[in-house]
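Take a look at the letters that make up each chain.
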Amino acid sequence: MEDLQWNFFLEDLAEYEPVLARAMWETLLAAAGPDFTKNPTVEEYLTENDPFADDN
């Protein structure tokens, strides 16, 4: 997924299919599973690249 630049993909997708983009983001977080909360590197990478971080 490093070559895909998934965060930009989801940002672009969110313009046309926001529900699908959000679902894909949530799936990515779920796939990170325990690494998301136990591995600071994974947590930092995902939170820094959150395509929905600016949403209110």
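Criteria and cut-off values
Numbering of residues starts from 1 in each chain and follows the order in which that chain's sequence is written. Reporting of local features is limited, given that this is a predicted model, to residues whose pLDDT is at least 70; pairs of side-chain atoms are given and counted only at 80 or more, and all residues count toward the totals for whole chains, interfaces and linings. Excluding hydrogens and water, the side-chain values take into account all heavy atoms of the structure. Only runs of H or I of at least four residues qualify as helices and only runs of E of at least two qualify as strands under DSSP, and these elements are numbered from the N terminus. Burial classification: accessible surface area is computed with a 1.4 Å probe over protein chains only, and a residue below 20% of its type maximum counts as buried, one above 50% as exposed, and the rest as partly exposed. Pairs of residues are marked as contacts when any of their non-hydrogen atoms sit within 4.5 Å. A residue's pLDDT is the confidence the predictor assigns to it, expressed on a 0 to 100 scale. Only centres within 6.5 Å qualify two rings of Phe, Tyr or Trp (six-membered ring in Trp) as a pair; their planes then separate them into stacked at under 30 degrees, edge-to-face at over 60, and tilted for everything else. In this analysis the charged atom, NZ for Lys or CZ for Arg, is taken to sit over a ring once it is within 6 Å of the ring centre and within 35 degrees of the ring normal.

Digging into the overall build of the protein chain
Helices and strands together make up the secondary structure of the protein chain, namely 3 helices and 0 strands. For the protein chain, the N- to C-terminal ordering of α and β elements is α-α-α. Counting across all 56 residues of the protein chain, residues that qualify as buried make up 21%. Restricting to contacts in the protein chain with at least 6 residues of sequence separation, those with at least 24 account for 44%.

What to know about the confidence of the model for the protein chain
Here the protein chain averages 82 in pLDDT, and 89% of its residues register 70 or above. The spread of mean pLDDT over the elements of the protein chain runs between helix α3 (residues 40-48), the lowest at 82, and helix α1 (residues 6-16), the highest at 86.

Concerning the packing of aromatic side chains
In the structure shown here, the tally under the stated rule is 0 aromatic pairs. In this structure, Arg 22 packs its charged tip against the face of Phe 52, placed 4.1 Å from the ring centre.

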